[in-house]
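# An overview of the molecular structure
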Amino acid sequence: MIIKHFIPSTIKLQIKLYLRHCVGLKYNFASTKDGINNFDFKISSMQEIKKGKFFENKTYNIYTASQKIENIVIYPTQVFSFWKIIGNPNNKNTFKIGRNIINGKISEEKAGGICQLSSIIYITALKANLKIIERHNHSVDIYTEEERFTALGSDATVVYGNKDLIFQNNLGFPIRLNFTYNSNYITCVLESKNQITEATLEFKRYYLKDTILVDTIINNEIKHQSSYKLI
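The paragraphs below set out a description of the structure included in this document. Please read these numbers as outputs of a predicted model, since none were measured by experiment.

Where helix 2 (residues 55-69) contacts helix 4 (residues 115-127), the two axes come as close as 8 Å, and the packing angle between them is 50°. If you check the angle between helix 2 and helix 4, you find them oblique. For the pair helix 2 and helix 4, contact is made by K58, I62, A65, S66 and I69 and by Q116, L117 and I121, respectively. Residue composition of the contact of helix 2 with helix 4, by class: five nonpolar, two polar and one charged.

In C-alpha coordinates form, the structure reads like this:
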(Lines give C-alpha, C1' and ligand atoms only; values in the text may rest on other atoms or scores of the structure.)
Protein backbone atom coordinates (compact mmCIF):
# COMPACT_ATOMS: atom_id res chain seq x y z
CA MET A 1 0.00 0.00 0.00
CA ILE A 2 2.88 2.37 0.81
CA ILE A 3 4.62 1.70 -2.52
CA LYS A 4 1.70 2.98 -4.60
CA HIS A 5 2.11 6.45 -3.07
CA PHE A 6 5.48 6.71 -4.82
CA ILE A 7 4.16 5.68 -8.25
CA PRO A 8 3.72 8.76 -10.53
CA SER A 9 0.11 9.59 -11.33
CA THR A 10 0.79 9.19 -15.07
CA ILE A 11 1.96 5.61 -14.51
CA LYS A 12 -1.07 4.86 -12.32
CA LEU A 13 -3.33 6.16 -15.08
CA GLN A 14 -1.63 4.00 -17.70
CA ILE A 15 -2.07 0.92 -15.50
CA LYS A 16 -5.77 1.69 -14.98
CA LEU A 17 -6.27 2.27 -18.71
CA TYR A 18 -4.54 -1.02 -19.53
CA LEU A 19 -6.72 -2.92 -17.07
CA ARG A 20 -9.82 -1.26 -18.51
CA HIS A 21 -8.66 -2.19 -22.00
CA CYS A 22 -8.37 -5.84 -20.97
CA VAL A 23 -11.85 -5.88 -19.43
CA GLY A 24 -13.26 -4.05 -22.44
CA LEU A 25 -12.09 -6.71 -24.89
CA LYS A 26 -15.33 -8.59 -24.25
CA TYR A 27 -17.45 -5.65 -25.43
CA ASN A 28 -18.25 -4.28 -28.86
CA PHE A 29 -18.04 -0.54 -28.26
CA ALA A 30 -20.10 1.88 -30.34
CA SER A 31 -17.93 4.31 -32.28
CA THR A 32 -19.49 4.90 -35.71
CA LYS A 33 -21.28 8.11 -36.58
CA ASP A 34 -24.07 7.70 -39.12
CA GLY A 35 -26.34 10.22 -40.78
CA ILE A 36 -29.27 7.81 -41.01
CA ASN A 37 -32.50 9.82 -40.89
CA ASN A 38 -35.15 7.26 -39.95
CA PHE A 39 -34.71 7.39 -36.17
CA ASP A 40 -38.35 8.37 -35.73
CA PHE A 41 -38.92 7.72 -32.01
CA LYS A 42 -37.54 9.72 -29.10
CA ILE A 43 -37.11 9.68 -25.32
CA SER A 44 -35.69 12.86 -23.84
CA SER A 45 -34.50 14.50 -20.63
CA MET A 46 -34.00 18.22 -20.01
CA GLN A 47 -31.84 19.85 -17.34
CA GLU A 48 -30.85 23.37 -16.40
CA ILE A 49 -27.16 24.22 -16.49
CA LYS A 50 -27.03 26.21 -13.28
CA LYS A 51 -25.28 29.57 -13.40
CA GLY A 52 -22.25 30.02 -11.17
CA LYS A 53 -18.53 30.79 -11.12
CA PHE A 54 -17.65 28.41 -13.97
CA PHE A 55 -20.92 28.62 -15.90
CA GLU A 56 -19.34 29.62 -19.24
CA ASN A 57 -16.58 27.03 -19.00
CA LYS A 58 -18.98 24.31 -17.88
CA THR A 59 -21.37 25.06 -20.74
CA TYR A 60 -18.45 25.03 -23.19
CA ASN A 61 -17.19 21.69 -21.83
CA ILE A 62 -20.63 20.08 -21.96
CA TYR A 63 -21.24 21.27 -25.52
CA THR A 64 -17.78 20.19 -26.71
CA ALA A 65 -18.16 16.70 -25.24
CA SER A 66 -21.71 16.30 -26.53
CA GLN A 67 -20.56 17.04 -30.08
CA LYS A 68 -18.29 14.00 -29.92
CA ILE A 69 -21.20 11.77 -28.85
CA GLU A 70 -23.91 13.02 -31.21
CA ASN A 71 -25.03 10.66 -33.98
CA ILE A 72 -22.88 7.73 -32.86
CA VAL A 73 -25.14 4.77 -33.57
CA ILE A 74 -25.34 2.14 -30.84
CA TYR A 75 -26.41 -1.07 -32.55
CA PRO A 76 -28.08 -3.99 -30.70
CA THR A 77 -25.71 -5.55 -28.10
CA GLN A 78 -23.18 -2.75 -28.64
CA VAL A 79 -21.87 -0.86 -25.63
CA PHE A 80 -21.65 2.90 -25.06
CA SER A 81 -18.65 4.12 -23.06
CA PHE A 82 -18.43 7.81 -22.22
CA TRP A 83 -14.64 7.91 -22.13
CA LYS A 84 -14.15 5.63 -25.14
CA ILE A 85 -15.85 8.36 -27.17
CA ILE A 86 -14.60 11.49 -25.40
CA GLY A 87 -10.99 10.39 -24.97
CA ASN A 88 -8.45 11.85 -22.55
CA PRO A 89 -9.79 15.28 -21.50
CA ASN A 90 -6.27 16.46 -20.70
CA ASN A 91 -5.03 16.06 -24.26
CA LYS A 92 -4.43 19.30 -26.16
CA ASN A 93 -6.71 22.22 -25.32
CA THR A 94 -10.11 20.64 -25.93
CA PHE A 95 -11.64 21.49 -22.56
CA LYS A 96 -11.56 24.37 -20.08
CA ILE A 97 -11.17 24.50 -16.30
CA GLY A 98 -14.33 23.87 -14.29
CA ARG A 99 -15.55 22.59 -10.94
CA ASN A 100 -15.11 18.93 -10.05
CA ILE A 101 -15.50 16.76 -6.97
CA ILE A 102 -12.29 14.78 -6.40
CA ASN A 103 -11.99 12.42 -3.43
CA GLY A 104 -14.98 14.06 -1.79
CA LYS A 105 -13.60 17.58 -2.15
CA ILE A 106 -14.51 20.37 -4.54
CA SER A 107 -11.65 21.26 -6.86
CA GLU A 108 -10.94 22.97 -10.17
CA GLU A 109 -9.97 20.66 -13.01
CA LYS A 110 -9.84 20.60 -16.80
CA ALA A 111 -13.17 19.41 -18.28
CA GLY A 112 -14.91 20.24 -15.01
CA GLY A 113 -18.68 20.10 -15.26
CA ILE A 114 -19.04 17.39 -17.88
CA CYS A 115 -20.48 15.12 -15.20
CA GLN A 116 -23.76 16.88 -15.97
CA LEU A 117 -23.52 15.50 -19.50
CA SER A 118 -22.85 11.95 -18.29
CA SER A 119 -25.66 12.36 -15.75
CA ILE A 120 -28.28 13.44 -18.29
CA ILE A 121 -27.21 10.55 -20.54
CA TYR A 122 -27.54 8.17 -17.58
CA ILE A 123 -31.06 9.22 -16.62
CA THR A 124 -32.12 9.03 -20.28
CA ALA A 125 -30.68 5.51 -20.49
CA LEU A 126 -32.68 4.60 -17.38
CA LYS A 127 -35.86 5.87 -19.02
CA ALA A 128 -35.15 3.59 -21.99
CA ASN A 129 -34.45 0.69 -19.57
CA LEU A 130 -31.03 0.09 -21.11
CA LYS A 131 -28.58 -2.25 -19.36
CA ILE A 132 -26.28 -0.21 -17.11
CA ILE A 133 -22.84 -1.84 -16.94
CA GLU A 134 -20.93 0.85 -15.05
CA ARG A 135 -22.07 4.00 -13.29
CA HIS A 136 -20.78 5.89 -10.27
CA ASN A 137 -22.57 8.47 -8.19
CA HIS A 138 -20.72 11.39 -6.61
CA SER A 139 -19.23 10.56 -3.22
CA VAL A 140 -20.80 13.53 -1.43
CA ASP A 141 -24.01 15.51 -1.72
CA ILE A 142 -22.96 19.15 -2.10
CA TYR A 143 -26.23 20.61 -3.40
CA THR A 144 -29.30 22.15 -1.86
CA GLU A 145 -32.61 21.24 -3.51
CA GLU A 146 -32.60 24.59 -5.34
CA GLU A 147 -29.09 23.97 -6.71
CA ARG A 148 -29.66 20.46 -8.06
CA PHE A 149 -29.61 19.93 -11.82
CA THR A 150 -30.84 16.35 -11.45
CA ALA A 151 -32.54 14.27 -8.78
CA LEU A 152 -30.29 12.87 -6.06
CA GLY A 153 -29.49 9.32 -7.14
CA SER A 154 -29.63 10.08 -10.86
CA ASP A 155 -26.12 11.53 -11.22
CA ALA A 156 -23.26 9.75 -12.99
CA THR A 157 -19.80 11.07 -12.23
CA VAL A 158 -16.96 10.31 -14.65
CA VAL A 159 -13.20 10.41 -14.03
CA TYR A 160 -10.93 9.51 -16.92
CA GLY A 161 -9.28 6.11 -16.38
CA ASN A 162 -11.10 5.58 -13.11
CA LYS A 163 -14.87 6.04 -13.42
CA ASP A 164 -16.88 5.64 -16.61
CA LEU A 165 -20.50 5.57 -17.69
CA ILE A 166 -21.10 2.40 -19.67
CA PHE A 167 -24.40 0.93 -20.86
CA GLN A 168 -25.45 -1.66 -23.40
CA ASN A 169 -28.11 -1.47 -26.07
CA ASN A 170 -30.20 -4.43 -24.95
CA LEU A 171 -32.95 -3.52 -27.41
CA GLY A 172 -33.43 -5.19 -30.75
CA PHE A 173 -32.81 -2.08 -32.86
CA PRO A 174 -30.27 0.77 -33.20
CA ILE A 175 -30.33 3.87 -31.01
CA ARG A 176 -28.32 7.07 -30.85
CA LEU A 177 -27.95 10.20 -28.70
CA ASN A 178 -28.39 13.80 -29.74
CA PHE A 179 -28.50 17.05 -27.77
CA THR A 180 -30.20 20.41 -28.07
CA TYR A 181 -29.48 23.64 -26.22
CA ASN A 182 -31.86 26.45 -25.35
CA SER A 183 -30.47 29.29 -23.24
CA ASN A 184 -28.99 27.53 -20.19
CA TYR A 185 -30.93 24.28 -20.69
CA ILE A 186 -29.66 21.07 -22.24
CA THR A 187 -31.89 18.32 -23.63
CA CYS A 188 -30.60 14.81 -24.20
CA VAL A 189 -32.57 12.96 -26.86
CA LEU A 190 -32.31 9.19 -27.27
CA GLU A 191 -33.48 8.41 -30.78
CA SER A 192 -34.54 4.96 -31.94
CA LYS A 193 -35.83 3.19 -35.00
CA ASN A 194 -38.59 1.51 -32.99
CA GLN A 195 -40.73 2.87 -30.20
CA ILE A 196 -39.47 2.42 -26.65
CA THR A 197 -41.87 2.27 -23.73
CA GLU A 198 -40.50 4.88 -21.35
CA ALA A 199 -39.84 3.49 -17.88
CA THR A 200 -41.18 5.14 -14.74
CA LEU A 201 -38.41 6.34 -12.42
CA GLU A 202 -38.41 7.05 -8.70
CA PHE A 203 -35.49 7.98 -6.46
CA LYS A 204 -36.24 7.11 -2.83
CA ARG A 205 -34.00 8.51 -0.08
CA TYR A 206 -33.04 7.06 3.28
CA TYR A 207 -31.25 9.32 5.76
CA LEU A 208 -28.69 7.77 8.08
CA LYS A 209 -26.40 9.52 10.57
CA ASP A 210 -23.87 10.89 8.06
CA THR A 211 -25.05 9.26 4.83
CA ILE A 212 -27.91 9.41 2.37
CA LEU A 213 -28.89 6.20 0.59
CA VAL A 214 -30.97 6.51 -2.58
CA ASP A 215 -32.77 3.61 -4.25
CA THR A 216 -33.30 3.90 -8.00
CA ILE A 217 -36.70 2.35 -8.68
CA ILE A 218 -37.49 1.50 -12.31
CA ASN A 219 -41.01 0.35 -13.11
CA ASN A 220 -41.59 -0.27 -9.38
CA GLU A 221 -38.47 -2.43 -9.02
CA ILE A 222 -35.28 -1.39 -7.17
CA LYS A 223 -32.43 -1.59 -9.69
CA HIS A 224 -29.60 0.53 -8.25
CA GLN A 225 -28.56 2.15 -4.98
CA SER A 226 -26.43 5.26 -4.44
CA SER A 227 -24.65 6.35 -1.26
CA TYR A 228 -23.63 9.93 -0.45
CA LYS A 229 -21.71 11.33 2.49
CA LEU A 230 -23.17 14.42 4.11
CA ILE A 231 -20.88 17.43 4.47
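There's plenty left to go through after this.
Look at N71: it is not a glycine, yet its phi comes out positive at around 70°. Residue placement: N71 occurs in the loop between helix 2 and strand 2 (73-74). In this model, S183 sits at a positive phi of 60°, which is unusual for a non-glycine residue. Within the secondary structure, S183 sits in the loop between strand 9 (175-182) and strand 10 (185-192). By relative accessible area, S183 is classed as exposed at 67%.

So, about a nonpolar patch on the surface. On the surface, a nonpolar cluster with roughly 410 Å² of combined accessible area is contributed by I11, I15, Y18 and L19. Looking at the element boundaries, I11 is found in helix 1 (residues 9-24). Take I11: its relative accessible area is 41%, and that puts it in the partly exposed class.

Once that is clear, we can look at the state of the cysteines. On inspection of all chains with the given rule, the structure shows zero disulfides. Here C115 stays unpaired: no disulfide links it, and the sulfur of C188, its closest cysteine neighbor, is 15 Å away. Among the residues examined, C115 registers a relative accessible area of 9% and is labelled buried.

The next thing to look at is the sheet that holds strand 9. Each strand in a sheet pairs with another by means of backbone hydrogen bonds, the pair being arranged parallel or else antiparallel. The sheet built from four strands is open, its strands ordered 1-10-9-2 with antiparallel pairing. A single partner strand is all that each edge strand has here, and the edge strands are strand 1 (41-48) and strand 2. Here strand 2 runs beside strand 9; their pairing, made up of two bridges, is antiparallel. What sits directly across from V73, in strand 9, is R176. Across the face of the sheet, helix 2 comes into contact with strand 9 and strand 10 while running at roughly 150° to strand 9.

When strand 9 meets strand 10, the two strands line up antiparallel, connected through eight bridges. Each residue of the ladder has a partner; that of F179, found in strand 10, is C188. Between the end of strand 9 and the start of strand 10, which pair antiparallel, lie two residues, with S183 showing a positive phi angle near 60°.

There is about 300 Å³ of room inside the second largest pocket. In terms of lining residues, the second largest pocket is bounded by 16 residues, among which R20, H21, S81, K84 and D164 are the most central. Contributing elements (two or more residues each) for the lining of the second largest pocket: helix 1, helix 3 (82-86) and strand 6 (131-134). Considering each element in turn, the lining of the second largest pocket owes the most residues, five residues, to helix 1. Here the residues of the lining of the second largest pocket are counted per class, giving eight nonpolar, four polar and four charged.

Moving on, we come to the side chain of Q116. Here Q116 shows up in helix 4. At 3.2 Å, the side chain of Q116 and the side chain of Q47 are in polar contact. Polar contacts involving the side chain of Q116 include one to the main-chain carbonyl oxygen of E48, which spans 3.0 Å. Those residues within four positions of Q116 in sequence are excluded, and the remaining contacts are Q47, E48, I49, K58, I62, F149 and I186.

Now for the pattern of salt bridges. Opposite charge on two side chains permits pairing when their charged atoms draw close. One pass over the structure, following the stated rule, counts seven salt bridges. One salt bridge in this structure joins R20 and E134, with 2.6 Å as the shortest N-O distance. Here the residue R20 occupies a position in helix 1, and E134 occupies one in strand 6, the gap between them amounting to 114 residues. R148 serves as the salt-bridge partner of D141, at 2.8 Å between the closest nitrogen and oxygen. Its relative accessible area of 12% is what places R148 among the buried residues. Among the charged side chains, a salt-bridge network with shared partners connects D141, E145, R148 and R205.

Reading the values: rules and limits
- Residues numbered from 1 in each chain as written.
- Predicted model: local features only at pLDDT ≥ 70, side-chain atom pairs only at ≥ 80, totals over all residues.
- Heavy atoms only, no water.
- Axes fitted to C-alpha atoms, helices over the stretch in contact; angles between N-to-C directions.
- Helix = DSSP H or I, 4+ residues; strand = E, 2+ residues; numbered from the N terminus.
- Parallel < 35°, antiparallel > 145°, perpendicular 65-115°, else oblique.
- Contact = heavy atoms within 4.5 Å.
- Nonpolar A, V, L, I, M, F, W, Y, C, P; charged D, E, K, R; others polar.
- Buried < 20%, exposed > 50% of the residue type's maximum accessible area, 1.4 Å probe, protein only.
- Patch = residues over 30% accessible without salt bridge, like charges linked within 9 Å, V, L, I, M, F, W, Y side chains within 5 Å.
- Areas by Shrake-Rupley, 256 points an atom, 1.4 Å probe, with all protein chains shown as cover.
- Salt bridge = Lys/Arg side-chain N within 4 Å of Asp/Glu carboxyl O.
- Disulfide = S-S within 2.5 Å.
- Pairing = 2+ DSSP bridges.
- 1 Å grid on protein atoms, 1.4 Å probe; cavity = no way out; pocket = protein on both sides within 12 Å on 5 of 7 lines; lining within 4 Å.
- Points joined across faces, edges and corners; volume = space filled by probe spheres on them.
- Polar contact = N/O pair within 3.5 Å; in protein donor to acceptor, adjacent residues only side chain to side chain.

By themselves, these figures tell us nothing about what the structure is for.
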